[in-house]
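# Descriptive structure summary
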Amino acid sequence: MATLEIDKREFDTLVKREFEDEKLIEEASFLGAHWHSIDGNVCEVETYPNRPDLLSVEGLARAYRGFFDIEKGRTEYKVEEGSIEVEVDDSVEEVRPHIGGAVVKNLDLSKKVINGLIQLQEKMHQTMGRKRDKLAIGLHDLSTVEAPFTYKAVEPEQVSFKPLEYDKHMQLGEILDEHEKGQEYAWILDDEDRYPIIEDSEGRVLSFPPIINNQLTEVETGTEDIFIDVTGKDKDTVLKALNILTTALAERDGDIESATVDGEELPDLTPEEMELDVDYFQDVSGLDLEKSDIIERLKMMKYGAEGGENIRVEVPCYRNDVMHQYDLIEDVIIAHRYTNIDPELPEVDQIGRQKEVEDTAQVVRDIMSGAGALEAMTYVHDNRENLTDKIGAEDEEFVKVDNPISEEYSALRNLMTPSLLEVLKQNKHRGYPQKFFETGNVAVLDDSASGSSNKTKMVYVQIGEETDFTDARKMLQVLERDLGMDLEVRDGEKPFFMDARTGEVVVEDEKVGFIGQFSEEILENWELDKPTAGFELDLEKINEKLKK
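Residues numbered from 1 in each chain as written. Predicted model: local features only at pLDDT ≥ 70, side-chain atom pairs only at ≥ 80, totals over all residues. Heavy atoms only, no water.

Looking now at the pattern of salt bridges. As enumerated under the stated definition, the model contains 44 salt bridges in all. Counted as one network, the salt bridges with shared partners bring together Lys16, Arg65, Glu71, Glu251 and Lys302. (Salt bridge = Lys/Arg side-chain N within 4 Å of Asp/Glu carboxyl O.)

Have a look at this one:
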């Protein structure tokens, strides 16, 4: 969740209506942006991460013009053909391969508007951008530079410029070592010998993404024409972020002009076309709405929509969260208002209770916490690299996600161990030794109707200067004692453990898990520099044994 601070006067002006504070707090929150407090003209608004288009007062106002029936339907943005060209050099391919660009002209920017743009930029960095690793945004005063621009990678000592908030020229390496932003985000470029820059036809640097812009191109009051750059590792994410920034500035009455980036005209503000089946909507939602009513509610959520055999829907160019009819159905329900839906008891003749394995999982959590381990909570979603290359596994026996919103979460984990290795990586700056555990789900491929099933497991890892296999074995013995069952360790092997320091965990001749000390190669893959050991157990099998 991202929390914004916006000026209510600006919001009212952009939405074209004045709202009572109570209406915003009580009713506006149904859109998915929660208005927590309004103190005079200062509003605190919290948005869900799936709606980065709402991370600005401009985006919020656009959405609420539809939600409150002021200006329904998809907003069309005109893009004039521009003259800016951006050449992309092959040298960035292995560093930060993708860039998008656009121009917005004839802006009238106050200090308050500029601060709002900076807030939007930083919130997108933290959410969509994964702390600038996945994408980074630059806003530049176009009058200070000369096109064409070149996006390329250079050696750290090859160029220098005055970064924002500094009054001296610094080489790229010096910026990473000395500048506040360089120190904060240097980790993104840790493994790179060359760093990406954007420069103009005169060799002047616009930006050193994802770190800092040149003081030369700083956007100030009086700036009328802005060049937007978005760089990153995933092209779809880069282009969607570019659309969000460009349309937010267009909401300030700016004129959009295209930029030719590596031969491609950007931004592409063409809406995505989808269809919504009315019968399917009624079955899923339980609402008996006519086609015309569904169309009106889609328009209230700023979609383009018209009838036919199915409803033809135009998804706005700035929405990155609409992938399935379910998403359209959810937005129709939001526009309809949850308060207008009569609750019904489901026709299910049974009493619900927690699964028995969850009772066992709670016992395990209590035991591990009592033994001094910290509980982690990580995502079931993971990615191929973590589940194969970085863990030393060759097969790809895991669930793959079709059309993932991010490559970072393009699979469902079949092991929990990689998740806790990532936790150790993220806590390298903390003191040692460290002990973490987690109970949670994995997805296992099988012959069921869905092709996979959830299984409940637990994992434990320990890292420290003198950590070894024995430390993991001692913690396993704590579980063995407090669960009142024999957890036998037999010979076994896993590709991520050291030879002769690994084994299978067995109960009554049935394998229920594995234990071992991680190899040097695996530690290097996860950027860990201290010995690490751990184990993973199948809690469903252990639960069955405990029931006997």
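Mapped onto the secondary structure, alanine 61 falls in helix H3 (residues 57–67). When the C-alpha atoms of alanine 61 and lysine 105 are compared, they prove to be 21 Å apart, with 44 residues separating the residues in sequence. In contact with alanine 61, not counting residues within four places along its chain, are Phe11, Leu14 and Val15. (Helix = DSSP H or I, 4+ residues; strand = E, 2+ residues; numbered from the N terminus. Contact = heavy atoms within 4.5 Å.)

This next bit is on the UniProt feature "binding site: Mg(2+)" (unreviewed entry) in the protein chain. UniProt records the feature "binding site: Mg(2+)" (unreviewed entry) at Asp321, Asp327, Glu330 and Asp331, using the numbering of this structure. Positionally, aspartate 327 belongs in helix H10 (residues 325–336). Those residues in contact with aspartate 327 that lie beyond four places of it in its chain are Tyr303, Asp321 and Val322. At 2.9 Å, the side chain of aspartate 327 forms a polar contact with the backbone nitrogen of histidine 324. (UniProt positions renumbered as here; feature names shortened; annotations may be inferred. Polar contact = N/O pair within 3.5 Å; in protein donor to acceptor, adjacent residues only side chain to side chain.)

Among the ten residues that make up helix H13 (residues 417–426), seven are buried, leaving the element largely enclosed by the rest of the structure. Listing the buried residues of H13 in full gives Thr417, Pro418, Ser419, Leu420, Leu421, Val423 and Leu424. (Buried < 20%, exposed > 50% of the residue type's maximum accessible area, 1.4 Å probe, protein only.)

Secondary-structure assignment places serine 519 in the loop between strand E27 (510–518) and helix H15 (520–525). For serine 519, a relative accessible area of 14% corresponds to the buried category. Serine 519 has contacts with Phe496, Phe497 and Met498, leaving out every residue within four places of it along the chain.

Attention now moves to the sheet that holds strand E20 (residues 381–382). Taken together, the three strands give an open sheet; going across it, the order is E20-E22-E21, and neighbouring strands pair in antiparallel fashion. With one partner strand each, in any of the chains shown, E20 and strand E21 (399–400) form the two edges of the open sheet. The pairing of E20 with strand E22 (residues 411–412) spans two bridges and is antiparallel. Residue pairing in the sheet places histidine 381 in a bridge with leucine 412 of E22. (Pairing = 2+ DSSP bridges.)

Before going further, it helps to spend a moment on the sheet that holds strand E28 (residues 532–538). Pairing is mixed across the open sheet formed by seven strands, whose spatial order is E19-E23-E24-E28-E27-E26-E25. The two strands at the open ends of the sheet, each matched to only one other strand, are strand E19 (374–375) and strand E25 (488–491). Inspection of the sheet shows strand E26 (residues 497–507) paired to E27 by seven bridges, in the antiparallel sense. The partner of valine 506 across the bridge, within E27, is lysine 511. Contacting strand E23 (434–445), strand E24 (452–463), E25, E26, E27 and E28, helix H14 (residues 469–483) runs over the sheet at an angle of about 35 degrees to E28. (Axes fitted to C-alpha atoms, helices over the stretch in contact; angles between N-to-C directions.)

Another aspect to go through is the UniProt feature "domain: B5" (unreviewed entry) in the protein chain. As recorded in UniProt, the sites labelled "domain: B5" (unreviewed entry) are residues 269–343. Strand forms 17% of residues 269–343 and helix 40%; the C-alpha atoms that close the span are 39 Å apart.

This part takes up the packing of aromatic side chains. A complete count under the given rule lists 18 aromatic pairs for this structure. Taken together, the aromatic side chains of Phe11, Phe19, Trp35, Tyr64, Phe67 and Phe68 make up a single cluster linked through ring pairs. Looking at lysine 390, its charged tip hangs above the ring of tryptophan 526, at a distance of 4.0 Å from the centre. One residue, lysine 400, lies across the ring of phenylalanine 398, its end atom 4.7 Å from the ring centre. (Phe/Tyr/Trp six-rings, centres within 6.5 Å; stacked < 30°, edge-to-face > 60°. Lys NZ or Arg CZ within 6 Å of the ring centre and 35° of its normal.)

Further remarks concern the domain arrangement of the protein chain. Assigned domains within the protein chain: domain 1 (2–68), domain 2 (79–266), domain 3 (272–339) and domain 4 (356–547). With centres defined by C-alpha atoms, the gap from domain 2 to domain 3 works out at 36 Å. At the junction of the two partners, domain 2 supplies five residues and domain 3 supplies four residues. Across the interface of domain 2 and domain 3, roughly 380 Å² is buried in total on both sides, 62% from carbon and sulfur atoms. Remark: the boundary between domain 2 and domain 3 carries zero salt bridges. The tally of links between domain 2 and domain 3 comes to three residue pairs in polar contact (both at pLDDT 80 or more). Tallied by class, residues from the side of domain 2 that touches domain 3 come to two nonpolar, two polar and one charged. (Domains from an automatic or database assignment. Buried area = accessible area lost by both parts, 1.4 Å probe. Nonpolar A, V, L, I, M, F, W, Y, C, P; charged D, E, K, R; others polar.)

Once that is clear, we can look at the packing of helix H1 (residues 8–15) against H3. Running from N to C, H1 and H3 point in directions that differ by 45 degrees, and their axes come no closer than 8 Å. Here H1 is positioned oblique relative to H3, judged by the angle of their axes. Where H1 crosses over H3, the two elements pack in a sense that is right-handed. Packed against H1, whose contacting residues are Glu10, Phe11, Leu14 and Val15, the element H3 presents Val57, Glu58, Leu60, Ala61, Tyr64 and Arg65 at the interface. When grouped by side-chain class, the residues that make up the contact of H1 with H3 number seven nonpolar, no polar and three charged. (Parallel < 35°, antiparallel > 145°, perpendicular 65-115°, else oblique. Left-handed = near helix turned anticlockwise from the far one by under 90°.)

Here the focus is H1. Burial runs high along H1: six of the eight residues are buried. Residues of H1 that are buried: Lys8, Glu10, Phe11, Asp12, Leu14 and Val15. Contacts made by the buried residues of H1 are with strand E1 (2–7), helix H2 (21–26), strand E2 (33–39), strand E3 (42–47), H3 and helix H4 (111–126). For H1, the capping residue at the N-terminal end is aspartate 7, with a side-chain oxygen 2.8 Å from the backbone nitrogen of arginine 9. A positive backbone phi angle near 70 degrees is found at lysine 16, which sits one or two residues after H1.

Moving on to the nonpolar core. One finds Phe11, Trp35, Tyr64 and Leu298 to be the most contacted residues of the largest nonpolar core, which totals 112 residues. In terms of residue count, helix H7 (residues 235–250) provides more of this core than any other element does, nine residues in total. Those residues in contact with tryptophan 35, other than ones at most four positions away along the chain, are Ile6, Phe11, Leu24, Ile25, Ala28, Ser29, Cys43, Glu44, Val45 and Tyr64. By size, the runner-up hydrophobic cluster in this structure holds 27 residues, among which are Tyr460, Ala472, Leu479 and Phe535. (Core = buried A, V, L, I, M, F, W, Y, C linked by side-chain atoms within 4.5 Å.)

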